[in-house]
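Residue-level listing of the chains:
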Amino acid sequence: MADRRRINGPVGATLPPIYDSPPGSRSSAEKPDNAIRKIFLKTGVTPSASGSAYLELEKPNATGPSNTSLKLTCTVHGPRALPRSAPFSPHIILTTHVKYAPFATKQRRGYLRDSSERDLGVHLETALRGAIIADRWPKSGVDIIVTIIEGDQDRNAPESQRGDGWYTMNVLSGCITVASAAIADAGIDCVDTVAGGVAALVAKTPKSPPSIVLDPAIADYHKIYAACCIAYLPTRDEVTNVWFKGQLPGADVMLYNNLVERCLVACRDANRVVVMALKKTINAEQEVS
Amino acid sequence: MAAQSSLTLSSATFAKLSPHPYLLANLRPADASTPSSRTNGRQPTQARPPAINTSSLSHAHGSAVVRTGDTTVICGVRGETLATSQIPNYRPPLSLSLSLSSTGDASTPSASELLNYDLLVPNIELATGCAPEFLPGVPPTTLAQTLSTRVYSLLHTSGLLDVEDLRIYHEKSEGEDEDVGGEKNDEEMRDADSVDVPAREIGAYWVLYIDLLFISLDGNPFDAAWAAVLAALRDTKLPRARWDADREMVLCSRREPAVPLSISGFPVACTAAVFTAKERLKQSQSQGRRAGGGDAASASFWILVDPDRFEESLCDEVVTIIVDCSAGGDQDTKILGISKSGGTIVGPEVIRRLAKVAETRWQAFRDAF
């Protein structure tokens, strides 16, 4: 078991620090509804891998030491030959691993993969499968490994948050974007670059009506009704993965469609960043050679 | 290889097909006019300059990112509290007025608390896809376990941390509602109290989880990992905490600023690999002849400081030396550890030379902070 092979702490239970007073009030600078947060995307961080990328999302009202809130790194190894024991496959076998670092979230995570990480891996694989031209690589496999260095949680958010299921959506959309940049950096043939985006139906204050917000900063809102994360191919106008969670108030029949349409806007914005980052990499390579 | 053959290979192909002769040709060029160097352009005693960034993570109490060439490692330090009631073999220390132990001797009570109660938990994770041979989905490899254990033992033997920073006290004296988490100004309070009843006792400890993640690995993981641990610990600030007897838990104060750890010393690790002119297979056949030193070519070797992945795959013998020059001036450099494995070429003379190189490496790290 992994316990024998790692340095375990003391046998007694350790608790994260509990404070005697509630956190200070958050700054009231609000994130605009129709814009996504600024993305910093860079490829080629792991030279020994076939392709790699690093993504950071800016944090608009930064109070702590760092002014970015989501940090992801992705490495792609492949296409490489499948082991001899594997059965013949006429297309490439995609394997995704998503892992939170132990210091990524407010609660310390262990080293063994848990169900939420496996869930993210499955969503990521579905999102990327639609973009890769799999027939060009028979009998091959490619490994896509995403490491979440810092999750999207806000350090000063009040303790009574409604669970971090909503943060996972932001993390998934970041994973999709960074994996798509890494795959392009590895030179694996794709029909288009995938980009991830999130849109949510939120109520900002207890009295305000529900409104649709792009790239939600979870801690800012009073209540989140529903959220959806979409992986989108902008040039072909195709969706490869939809993950929708929550309850929509029943009055408006077209609410789901509106939410998805707004989410596609977020995806297009993220895709622009991916394309710009890849163009920069290609230009840099052309200058060298 | 004929000079005018149309089958001349590029150096990258040559490196992949026959790596050992490629490195040998670089270190001992056939043509006397070309200078000798390693395949990455460095001299044998030249190490990659380090770049260190601290305080980049918001959910950790201290963090650092260290880059030496293409090796990148992130270290995050988180503190969690452990009540003394949860420690199975807890025994209160004899005297609470122990000051900073500067010798780092493992026999002092300060160091033994850290060791006995497992208050420092370093772990190194290599399976992040940092290199093609480290893919996730498998339990930690021997290399990862060895690295974690080496960092763990160096943390304890170097006496870097003082257990006083990790103690969380329970103030027993009446009418005191001041937040004290192990400060030195308690001396007056203790002297004023009667000797019979102890003014304060230890209610809990901070446990430091030191997690290292390799983003990219291009040889020499130990040096980078140790530098990241040192940088992250220097950056760590723990909140002021006290043991609340009524609620039987630790409460941290938000009003007061967080307290940095007191770090004594500045140990830096320097690793070198030994590259021999003869390949492994041929070496075992000529074992007997080497002791006599008859064949000059077979006895030639090069010490490559800060090896990268290509060089590490060709070298069996590795030497690591850990030095601390922070005493400075006329005081001697302190050697905290020497470890060597994998062969018999390195002897006391080589280690002496390596210690000099380690001092320059120490200075490079000191300037990078």
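All of these numbers come straight from a predicted model, not from anything done at the bench.

Engineer: So what exactly am I meant to see when it comes to the overall build of chain A here?
Structural biologist: For chain A, the count of helices and strands is four helices and nine strands. Here the C-alpha atoms of chain A give a radius of gyration of 20 Å, agreeing with the 19 Å that 2.2 N^0.38 yields for 289 residues. Structurally, chain A occupies a C-alpha span of about 60 × 55 × 40 Å along its principal axes. Burial statistics for chain A: of 289 residues in total, 49% are counted as buried. Of the charged side chains in chain A, 33 are positive and 29 negative; the average position of the first set lies 4 Å away from that of the second.

Engineer: Looking at this structure, how should I read the environment of serine 339 of chain B?
Structural biologist: Residue and element names in this part refer to chain B. Residue position: serine 339 is located in strand 14 (residues 334-341). Residue classification places serine 339 among the partly exposed residues on the basis of a relative accessible area of 33%. Along the primary structure serine 339 and valine 319 are separated by 20 residues, whereas in three dimensions their C-alpha atoms are 5.8 Å apart. Residues in contact with serine 339, not counting those within four places in the same chain, are Arg150, Val318, Val319 and Thr320.

Engineer: Just to check I follow, could you spell out the interface of chain B and chain A for this structure?
Structural biologist: Frequently, the measure chosen for interface size is the accessible area removed from exposure when the parts meet. Every contact between the two is made by 57 residues of chain B and, on the other side, 50 residues of chain A. Carbon and sulfur atoms supply 58% of the area buried between chain B and chain A, which totals about 4,600 Å² over both sides. Per-residue buried area on chain B facing chain A is highest for Ser58, His59 and Arg254 of chain B; these three make up 17% of the total on that side. In this assembly, chain B and chain A are joined by three salt bridges.

Engineer: Explanation requested: the sheet that holds strand 4 (residues 93-100) of chain A in the structure shown.
Structural biologist: Hydrogen bonds between backbone atoms are what pair the strands of a sheet, whose relative direction is either parallel or antiparallel. Residue and element names in this part refer to chain A. The strand order 1-2-3-5-4 describes an open sheet built from five strands, whose pairing is mixed. Whereas interior strands pair on both sides, the edge strands pair on one side only; in this sheet they are strand 1 (39-43) and strand 4. Pairwise comparison of adjacent strand axes, ignoring direction, gives a mean angle of 15° for this sheet. With eight bridges joining them, strand 2 (residues 51-58) and strand 3 (residues 68-81) adopt antiparallel strand pairing. Of the residues in strand 3, the one forming a bridge with leucine 55 is leucine 72. Strands strand 4 and strand 5 (140-150) of the sheet are contacted by helix 2 (residues 115-129), whose axis makes an angle of about 140° with strand 4. Relative to strand 3, helix 3 (residues 165-186) is tilted by about 40°, and along the sheet it contacts strand 1, strand 2, strand 3, strand 4 and strand 5.

Basis of the calculations
- Residues numbered from 1 in each chain as written.
- Chains lettered and ligands numbered in written order.
- Predicted model: local features only at pLDDT ≥ 70, side-chain atom pairs only at ≥ 80, totals over all residues.
- Heavy atoms only, no water.
- Helix = DSSP H or I, 4+ residues; strand = E, 2+ residues; numbered from the N terminus.
- Rg over C-alpha atoms; globule rule 2.2 N^0.38 Å.
- Buried < 20%, exposed > 50% of the residue type's maximum accessible area, 1.4 Å probe, protein only.
- Lys, Arg positive; Asp, Glu negative; His and termini not counted.
- Charge placed at Lys NZ, Arg CZ, Asp CG, Glu CD.
- Contact = heavy atoms within 4.5 Å.
- Buried area = accessible area lost by both parts, 1.4 Å probe.
- Salt bridge = Lys/Arg side-chain N within 4 Å of Asp/Glu carboxyl O.
- Pairing = 2+ DSSP bridges.
- Axes fitted to C-alpha atoms, helices over the stretch in contact; angles between N-to-C directions.

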